[in-house]
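# Coordinate inspection notes
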Amino acid sequence: QVQLVESGGGLVQPGGSLRLSCAASGFTFSNYAMSWYRQAPGKERELVAIISATGRNTNYANSVKGRFTISRDNTKNTAYLQMNSLKSEDTAVYYCVKRAAWVAPTRDDLWGQGTQVTVSS
């Protein structure tokens, strides 16, 4: 089956760090850009970061630049989101998404189930 399974979410204090993992299966992982989205209560979903198929190109939301790092290991079919200096406004459900196209999300994108990240003291 084609699927993405996120892990690594949880409760962390402000200023802390967390690393999310996304295990991919059922498709050729190295052929696709991977991304992380998040959705907080009462807010629209937001693209957090995206990484090209090779891992050479990345883009980040301005709100996370300098704090978050997206990466991937194509030998392990896994994408990661390293989150440092976490703030309360980072609290959201984080989703791993396989992008069908680099330029924009489409209905053909594949979404994981999501993992909750809560930043609170």
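Reading guide: rules and limits
- Residues numbered from 1 in each chain as written.
- Predicted model: local features only at pLDDT ≥ 70, side-chain atom pairs only at ≥ 80, totals over all residues.
- Heavy atoms only, no water.
- Helix = DSSP H or I, 4+ residues; strand = E, 2+ residues; numbered from the N terminus.
- Rg over C-alpha atoms; globule rule 2.2 N^0.38 Å.
- Buried < 20%, exposed > 50% of the residue type's maximum accessible area, 1.4 Å probe, protein only.
- Areas by Shrake-Rupley, 256 points an atom, 1.4 Å probe, with all protein chains shown as cover.
- Lys, Arg positive; Asp, Glu negative; His and termini not counted.
- Charge placed at Lys NZ, Arg CZ, Asp CG, Glu CD.
- Core = buried A, V, L, I, M, F, W, Y, C linked by side-chain atoms within 4.5 Å.
- Contact = heavy atoms within 4.5 Å.

## Side note on the overall build of the protein chain
When helices and strands are counted, the protein chain shows zero helices and 11 strands. Walking the protein chain from its N terminus toward its C terminus, one meets helices and strands in the order β-β-β-β-β-β-β-β-β-β-β. Taking 2.2 N^0.38 as the reference for a compact globule, 121 residues should give roughly 14 Å; the C-alpha atoms of the protein chain span a radius of gyration of 13 Å, in line with that estimate. The dimensions of the protein chain, computed from C-alpha atoms along their principal axes, are 40 × 30 × 25 Å. In the protein chain, which comprises 121 residues, the proportion classed as buried is 41%. Carbon together with sulfur atoms contributes 44% to the accessible area of the protein chain, which is approximately 6,500 Å² in total. The distance from the centre of the 13 positive side-chain charges to the centre of the 8 negative ones in the protein chain is 5 Å.

## A closer look at the nonpolar core
Ranked by internal contacts, the top residues of the largest apolar core, which has 28 residues, are W36, L81, M83 and Y94. The dominant element in this core, judged by the number of residues it contributes, is strand β3 (residues 18-25), at four residues. Apart from the residues within four sequence positions on either side, M83 is in contact with G16, S17, L18, L20, R67, F68, Y94 and V117.

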